[in-house]
Amino acid sequence: MTRFLVVLTDVRPLDGVVRNERTMPERRRQVVSASSRAAADRIAAAFMALGMVRAGRQRVKVIAVGRRYGSC
């Protein structure tokens, strides 16, 4: 079964270096787990209504974790 994480992060300023989330991830502010994509999208929409996200200082990411087995 696929789970989803909704992550609220701070936007890191670009200092002339290419952003690479694997070597230097952005600072996480909030992480919420969801059991379906629809639930994750509703949580992400609520985060996107925050002033810091709308101002471009934070960003929202929806990440699929795990795999769904049995259905193709």
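Residues numbered from 1 in each chain as written. Predicted model: local features only at pLDDT ≥ 70, side-chain atom pairs only at ≥ 80, totals over all residues. Heavy atoms only, no water.

Asker: Is there a simple way to explain the layout of surface pockets in this structure?
Answerer: In this approach the atoms are scanned with a rolling probe the size of a water molecule, which exposes any empty space left behind. One number sums up the size of the largest pocket: a volume of about 180 Å³. When contributions to the lining of the largest pocket are tallied by element, the ones reaching two or more residues are strand E1 (3-10), strand E2 (28-34) and strand E3 (58-65). Considered class by class, the residues forming the lining of the largest pocket number four nonpolar, one polar and four charged. (1 Å grid on protein atoms, 1.4 Å probe; cavity = no way out; pocket = protein on both sides within 12 Å on 5 of 7 lines; lining within 4 Å. Points joined across faces, edges and corners; volume = space filled by probe spheres on them. Helix = DSSP H or I, 4+ residues; strand = E, 2+ residues; numbered from the N terminus. Nonpolar A, V, L, I, M, F, W, Y, C, P; charged D, E, K, R; others polar.)

Asker: Would you take a moment to explain the pairing of E1 for this structure?
Answerer: A regular strand places its side chains on the two faces of the sheet in alternate fashion. Of all the eight residues making up E1, six are buried; the element is thus mostly covered by neighbouring parts of the structure. Pairing between E1 and E3: eight bridges, direction antiparallel. Looking across to E3, one finds that Val6 is bridged to Val62. Both E1 and E2 contribute to a ladder of six bridges, which runs antiparallel. Counted as the bridge partner of Leu8 is Gln30 from E2. (Buried < 20%, exposed > 50% of the residue type's maximum accessible area, 1.4 Å probe, protein only. Pairing = 2+ DSSP bridges.)

Asker: What exactly am I supposed to notice about the pattern of salt bridges here?
Answerer: Between side chains of opposite charge, a pair can form as their charged atoms come close. Summed over all chains, the structure comprises four salt bridges. When the shortest N-O distance is used, the salt bridge between Asp10 and Arg29 registers 3.0 Å. Residue Asp10 is found in strand E1, and its partner Arg29 is found in strand E2; the two are separated by 19 residues along the sequence. Since its relative accessible area comes to 44%, Arg29 is described here as partly exposed. (Salt bridge = Lys/Arg side-chain N within 4 Å of Asp/Glu carboxyl O.)

Asker: What should I look at first to understand the nonpolar core in this one?
Answerer: Nonpolar side chains in soluble globular proteins generally cluster together in the buried interior. Formed by Phe4, Val6, Leu8, Ala34, Ala39, Ala40, Ala44, Phe47 and Val53, the largest nonpolar core amounts to nine residues. Those elements giving two or more residues to this core turn out to be E1 and helix H1 (37-48). The greatest single-element share of this core, amounting to four residues, is contributed by H1. Ignoring sequence-local partners within four residues, the contact set of Leu8 consists of Arg27, Arg28, Arg29, Gln30, Phe47, Leu50, Val53, Gln58, Arg59 and Val60. (Core = buried A, V, L, I, M, F, W, Y, C linked by side-chain atoms within 4.5 Å. Contact = heavy atoms within 4.5 Å.)

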